[in-house]
Amino acid sequence: MKVWENINIDSINRLSPRAYFYSYLDKEAALTFEKKLSMGYKLLNGIWDFYYTDAPEYSPEGFYDEDFDSSNWCKIRVPGHWQLQGFKSPHYTDLYYPFTLNPPYVPTMNPTGIYRRNFYIDESFLGKKIILRFNGVDSAFHVWINGKEIGYSKGSRLTSEFDISDYIRIGENTIVVRVYQWSDGSYLEDQDMWWLSGIFRDVEIICEPINGIEDVFVIADTDSDYKDGIIKVSTKLIQNLKGYSLDYEIYDFDDNLIYKENQIAQCNDIYFEGKIKGIKKWSAEEPNLYKILIILKKDESDTQIISLRIGFRKIELKDNVFLINGAAIKLKGVNRHDFNSETGRYVSKDDIEKDIILMKQHNINAIRTSHYPNSPEFYDLCDEYGMYVIGENDFECHGFELNDMFESFINDSKWEKAAVSRMERTVQRDKNHPCIIMWSLGNESSFGSNITAMADKVRELDKTRLLHYEGDRECKVADVYSCMYTWIETKERMALEEAIKKFNKPFILCEYAHAMGNGPGNLKEYQEYIYENENFQGAFVWEWKDHGIKAVDSSENVYYKYGGDFNDEPNNKNFCMDGFVMANGEVSPGLLEYKKIVQPVKIEQIDVKKGLFKIKNLYDFITLDDFDLVYTIYKDNDIWYSSQIDIKGINPNEQREIKIDKILDITERNSSYSIIFSLVLNKNKKWANIGLELGKDEFFIYNGMKSLNKLNLGIIKKDTNMLAYFNSNDKVICFDKVLGKIKYIKKDGEVLLEDGPDLNLWRAPIDNDMYLLEDYYNKYFLNDIKFRVDSIECDDDLKFIVNKTYGTTNSPWYYKCRYEYKFLPDGSIKIKVKGVPSGKKECAPVMIPRIGFKMKINRNLNKVRWEGRGPHPNYPDSKDSALYGIYEKTVDELFVDYPYPQENASRGGCRWVNLSDYWGNSLMINTKKEFSFSAMYYDDKDLEKAKHCNELIKRDYIVLNIDYKQNGLGSNSCGQNQLKKYRCEFEEFEFEFVISAFNKNEISEINLLRLQNNNF
């Protein structure tokens, strides 16, 4: 039997799993945590010789021999994936296994990469135990040193260590690694991600004493009052070392020694417990880290020093909540993969640090390591910056669900060893990190005896942390009841409210709010449930970052590939593009919304006109002393007054009433007044500088506008058989009497509006519409709106009444619309539309994409100003982060370049929008009621047709949509669809707006609006 198909062989000569650490010979070096200053260290990253073959059996004869000549082999970078370096192609699936399901057997054609390089060892390594450490190899591998086989291992995202002391020599050495893409372990690694192979994490050689410490487990707990630290250290020696002792030294943040104890080494397994008075506790809000040195001594000489960063914190399960340091915390989380668009699952420490800093700046406090142990540096950084972590096992067999193989596989005792081994290696490597508050048994692998066996192993190894597994639907082993994508509104499945109360246990959503493309929506409603239910202790958005692979087309345009772009069949297309952060690192509007929804304060009005408000501190541990609450009062969107309020001393989960006396000074009622509160840092943090805004809220005080006297410029009307022309000084409005709509609007001889407006019910599909599209395209034909002009009549010389019917192909349901075009004396035009659902209304879709009006605008009018929500895009169910104001962007800046093109760029809550060119030529739309708009150089059809952003070709006009209503976003690519209150339905509507052509050099937008105020 092939070793890579033998489930009884978990490894050959691999060392027992243990904690991740380095050994030092002096304390000063140990306190730096620098690998190079350890007892002996060599990093084997770099350029290796590489030989690719389609199956292991095709390997060159004697490839592992010392004298084998690999000079004609290709070169490859380690760490990395061979598919991203020119050897075969990546393959993306969400849950399909890309081979026949016949466990433990894998394809005979099993892509194989052979790595080879030389390295040098100097005399400083003599007399020590020399360990070869692989931090990540996908999926199984053999290793040879100097022609001798060292061992074999599997478990792609798990650490593998080998003792190579007897095989290394001083001077030049040769290492050869043969990596197999498929192994029996592949059946346990069916996560939603690219199938990528090779040595993708660091390869290291480390040194330790021959007679030394094999493993160490440090528990930094607190007493029952959460005041004093309780330190518990379990140290395992390689053998019983007579005449040895252990020192335990703890240092504070400034490397001051604050605690020291000594213990005689009387056996292999040594346990120590001590108490440290008045410690500073660790939490995500205050990640206070100490350093502990575990010093092995012989006589009075230090023979080995292990340094670890520790954080004192207590995890408890009480009734139906879990507590960190006595507080029932709320997790504001995301799921995170290790991923870089150019290097795949190799991520540098800098990459990880950027991720965590960005998360902290967006109020995220928790990460689930979906769905495997992340790179070791990740946990160090989470300890340091403060992140709660669910440490997940490298275990998922999701593809079995499609074939009813879940139950038989997860209860098959032959796989128990492999399952338990993976869980043990996960716990052992990362057990010393304070950031980890839960261990997760894996993901989407049903429930059975092998899951129970893993749970038993976790309980045996670590009794200090909680146990998580979403597949444990009856909470047989899990401490926390966990669900995915539970709906708020549903009759077909268990709703969120029911799930929260199902068990007397803490409840979390380990995945929700699928952040794919333009979305997610409904974040606010989920967070309200979290705050309203004590045992609902948080949720983790799926997911942090898109998994697009960077590519460059023939025109040097960068775009990002997804499933199918490598002819990888079968695939799940762009389902890997589902993150808050795009593959190029750009933050999505969805992340901005999440930041607002989970902000650390809540401000509510008591009586806004009296200046009375209340602020609540939503942190679990810290006061608001490190923040200023800045408030700004706006008059007609200009700053009228700004100051700040002292919020020091507001304790966690407490609230305080605040009063803004300046509001009482407002006496004018012909202007609009609003107040914006902004929570900003007043101290530098490791993850942000002074002034960073972490929360904001807005309230309207008065809403008024002073009107100006009407302009009466006079209108001259000219008729032909098909067209009517309305001339007013320097403006011309041409009306098409056949189609019943405006043909164009000119100002000073230049066409500003080129066509429209006309009713529009369609938007380019967003990813969250995916389950609607079959009906949209092939049942309702919503992308193919047709109209009929029923009648056109002229009430008087300056008004047209147009009746139209709008429907779609083969549809018995349709809108009856009445347009009233009124040509105003100031040269503008007021359009009033009433739409009445007609025909067989019961045949209409439950939701329609939008009710709006589309028009074509001169492409030079590329400067856009609007009064409404902004500055970033917002939709009915994703708008809280976009505050009201006057904003300005170019048409290009409005556009969101989603890697899979789709509807985007809408701004809601608007009173007016103006598009202008360099010379001041302008076209403004304003209403009495709020509307949303989008402006871009692409038609809906362009966005539908393009599969990548680089395929979009700009039109020679701007497409302007003015929407009465647009459907919400939802997150139904995987989760709740649009909540009912955010749906755009086949409903009656009335919408009235004014279109004005003018020049900004003649009159400002605001004063034009004051003139227009008389028109409503």
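This one's a predicted model, so the numbers in the text were calculated from it and none came from an experiment. (Residues numbered from 1 in each chain as written. Predicted model: local features only at pLDDT ≥ 70, side-chain atom pairs only at ≥ 80, totals over all residues. Heavy atoms only, no water.)

### Topic: the sheet that holds strand β13 (residues 171-180)
Right, on to step 1. If you walk across this open sheet you meet the seven strands as β1-β11-β10-β13-β7-β4-β5, and the pairing is antiparallel. The open sheet has two edge strands, β1 (11-12) and β5 (74-78), and neither has a second partner. (Pairing = 2+ DSSP bridges. Helix = DSSP H or I, 4+ residues; strand = E, 2+ residues; numbered from the N terminus.)

### Quick word on the sheet that holds strand β39 (residues 638-645)
Right, on to step 1. Taken together, the four strands give an open sheet; going across it, the order is β39-β38-β41-β42, and neighbouring strands pair in antiparallel fashion. Two strands bound the open sheet, and with one partner strand each, they are β39 and β42 (693-702). The sheet shows a mean angle of 20° between the axes of neighbouring strands, direction not considered.
Right, on to step 2. By the bridge criterion, nine bridges tie strand β38 (residues 627-635) to strand β41 (residues 673-681) in an arrangement that is antiparallel. From the neighbouring strand, Leu629 faces β41, where its bridge partner is Leu679. (Axes fitted to C-alpha atoms, helices over the stretch in contact; angles between N-to-C directions.)

### Some points on empty space enclosed by the protein
Right, on to step 1. In the structure shown here, the tally under the stated rule is 10 cavities of 30 Å³ or more.
Right, on to step 2. Contributing to the lining of the largest cavity are 13 residues, with Ser16, Pro17, Arg18, Thr159 and Glu161 lying nearest its centre.
Right, on to step 3. Counting residues per element, the ones that place at least two in the lining of the largest cavity are β12 (160-163) and α5 (416-430). (1 Å grid on protein atoms, 1.4 Å probe; cavity = no way out; pocket = protein on both sides within 12 Å on 5 of 7 lines; lining within 4 Å. Points joined across faces, edges and corners; volume = space filled by probe spheres on them.)

### Examining the domain arrangement of the protein
Right, on to step 1. By domain assignment, the protein separates into domain 1 (3-209), domain 2 (213-315), domain 3 (327-545 + 579-596), domain 4 (600-703) and domain 5 (716-1013).
Right, on to step 2. Taking only C-alpha atoms, the centre of domain 3 and the centre of domain 4 are 34 Å apart.
Right, on to step 3. Each partner contributes to the interface: domain 3 provides 15 residues, whereas domain 4 provides 12 residues.
Right, on to step 4. In total, about 1,100 Å² of surface goes out of reach between domain 3 and domain 4, with carbon and sulfur atoms giving 56% of it.
Right, on to step 5. Per-residue buried area on domain 3 facing domain 4 is highest for Gln361, Asn363 and Lys596; these three make up 33% of the total on that side.
Right, on to step 6. Summed over the shared surface of domain 3 and domain 4, the result is two salt bridges.
Right, on to step 7. Across the salt bridge formed by Lys686 and Glu384, the nearest N and O atoms sit 2.8 Å from each other. (Domains from an automatic or database assignment. Contact = heavy atoms within 4.5 Å. Buried area = accessible area lost by both parts, 1.4 Å probe. Salt bridge = Lys/Arg side-chain N within 4 Å of Asp/Glu carboxyl O.)

### Here we look at the UniProt feature "domain: Beta galactosidase small chain/" (unreviewed entry) in the protein
Right, on to step 1. With numbering aligned to this structure, UniProt lists the feature "domain: Beta galactosidase small chain/" (unreviewed entry) at residues 725-996.
Right, on to step 2. Secondary structure within residues 725-996 divides into 6% helix and 52% strand; the distance between the first and last C-alpha atoms comes to 16 Å. (UniProt positions renumbered as here; feature names shortened; annotations may be inferred.)

### Structural notes on the side chain of Asp184
Right, on to step 1. Checked against the element boundaries, Asp184 lands in the loop between β13 and β14 (193-195).
Right, on to step 2. A residue is classified by how much of its surface remains accessible, and Asp184, at 1% relative accessible area, is buried.
Right, on to step 3. Here Lys154 takes part through its side chain, which lies 2.6 Å from a polar atom of the side chain of Asp184.
Right, on to step 4. Ignoring any residue separated from it by four or fewer positions in sequence, one finds Asp184 in contact with Val3, Trp4, Glu5, Asn6, Ile7, Pro104, Val106, Tyr152, Lys154 and Trp415. (Buried < 20%, exposed > 50% of the residue type's maximum accessible area, 1.4 Å probe, protein only. Polar contact = N/O pair within 3.5 Å; in protein donor to acceptor, adjacent residues only side chain to side chain.)

### Section: a nonpolar patch on the surface
Right, on to step 1. Where nonpolar side chains cluster on the molecular surface, the patch consists of Met722, Val738, Leu739 and Phe787 and spans about 360 Å² of accessible area.
Right, on to step 2. Looking at Met722, the relative accessible area reads 54%, which means it is exposed. (Patch = residues over 30% accessible without salt bridge, like charges linked within 9 Å, V, L, I, M, F, W, Y side chains within 5 Å. Areas by Shrake-Rupley, 256 points an atom, 1.4 Å probe, with all protein chains shown as cover.)

### Quick notes on the nonpolar core
Right, on to step 1. Ranked by size, the top nonpolar core spans 132 residues in total, and within it Leu331, Tyr388, Leu441, Ile675 and Phe677 carry the most contacts.
Right, on to step 2. The dominant element in this core, judged by the number of residues it contributes, is helix α6 (residues 449-461), at six residues.
Right, on to step 3. Those residues in contact with Leu331 that lie beyond four places of it in its chain are Phe322, Asn365, Ala366, Tyr388, Ile437, Met438, Ile508, Gln537, Gly538, Ala539 and Phe540.
Right, on to step 4. Of all hydrophobic cores here, the second largest spans 60 residues; its members include Ile733, Leu752, Tyr806 and Ile829. (Core = buried A, V, L, I, M, F, W, Y, C linked by side-chain atoms within 4.5 Å.)

### Some thoughts on the environment of Val680
Right, on to step 1. Inspection of the secondary structure puts Val680 in strand β41.
Right, on to step 2. In sequence terms Val680 and Ile690 are 10 residues apart; their C-alpha atoms lie 7.4 Å from each other.
Right, on to step 3. Apart from residues no more than four positions distant in its own chain, Val680 is found in contact with Asp626, Phe627, Asp628, Val630, Gly691, Leu692 and Glu693.

### Things to note about the packing of aromatic side chains
Right, on to step 1. Inspection of every chain in the model, using the stated rule, returns 72 aromatic pairs.
Right, on to step 2. Seen from their ring centres, Tyr97 and Phe99 are 5.6 Å apart, and the 45° between their planes marks the pair as tilted. With respect to burial, Tyr97 and Phe99 carry one shared label: buried.
Right, on to step 3. On the basis of an interplanar angle of 45° and a centroid distance of 4.5 Å, the ring pair of Phe400 and Phe409 is categorised as tilted. Neither Phe400 nor Phe409 differs from the other in exposure class; each is buried.
Right, on to step 4. Over the ring of Tyr20 we find Arg133, and its NZ or CZ is 4.2 Å from the ring centre.
Right, on to step 5. Over the face of the ring belonging to Tyr702 we find Arg669, whose NZ or CZ atom lies 3.9 Å from the ring centre. (Phe/Tyr/Trp six-rings, centres within 6.5 Å; stacked < 30°, edge-to-face > 60°. Lys NZ or Arg CZ within 6 Å of the ring centre and 35° of its normal.)

### Quick notes on the pairing of strand β4 (residues 46-53)
Right, on to step 1. Of all eight residues in β4, six are buried, a share of seventy percent or more.
Right, on to step 2. In the sheet, β4 pairs with strand β7 (residues 112-121) via five bridges, with the strands oriented antiparallel. Bridge pairing in β7 links Asp49 to Arg116.

### A closer look at unusual backbone geometry
Right, on to step 1. In this structure, Pro757 follows Gly756 across a cis peptide bond, with omega equal to 5°.
Right, on to step 2. Mapped onto the elements of the fold, Pro757 is located in strand β47 (residues 750-760).
Right, on to step 3. The step from Gly870 to Pro871 runs through a cis peptide bond, and the omega angle for that step is 0°.
Right, on to step 4. Locating Pro871 in the fold gives a position in the loop between β53 (863-870) and β54 (883-890).
Right, on to step 5. Unlike most non-glycine residues, Cys475 shows phi in positive territory, near 55°.
Right, on to step 6. Note on placement: Cys475 falls in the loop between β30 (466-468) and β31 (481-484).

### Focus: the pattern of salt bridges
Right, on to step 1. Applying the stated criterion across every chain yields a total of 78 salt bridges.
Right, on to step 2. For the salt bridge of Arg422 with Glu189, the shortest nitrogen-to-oxygen distance reads 2.9 Å. With a gap of 233 residues between them, Arg422 in helix α5 and Glu189 in the loop between β13 and β14 connect regions that are remote in the sequence. Both residues of the pair, Arg422 and Glu189, belong to the buried class.
Right, on to step 3. Taking the shortest distance from any N to any O, the salt bridge between Glu992 and Lys830 comes out at 3.4 Å. Separated by 162 residues along the polypeptide, Glu992 in strand β58 (residues 989-999) and Lys830 in strand β51 (residues 829-839) bring together distant segments of the chain.
Right, on to step 4. Since its relative accessible area comes to 26%, Glu992 is described here as partly exposed.
Right, on to step 5. Via salt bridges that share partners, Arg18, Lys35, Arg133, Glu161, Glu204, Glu208 and Glu377 belong to a single interconnected network.

### Brief notes about the packing of α5 against α6
Right, on to step 1. Remark: α5 packs on α6, axes separated minimally by 9 Å, with the N-to-C direction vectors making an angle of 30°. α5 and α6 meet at a crossing whose hand is right-handed. Each of Glu416, Ala419, Val420, Met423, Glu424, Val427 and Gln428 in α5 lies in contact with α6, whose residues at this interface are Asn450, Ala453, Met454, Lys457, Val458 and Leu461.
Right, on to step 2. For the contact of α5 with α6, the per-class residue count stands at eight nonpolar, two polar and three charged. (Left-handed = near helix turned anticlockwise from the far one by under 90°. Nonpolar A, V, L, I, M, F, W, Y, C, P; charged D, E, K, R; others polar.)

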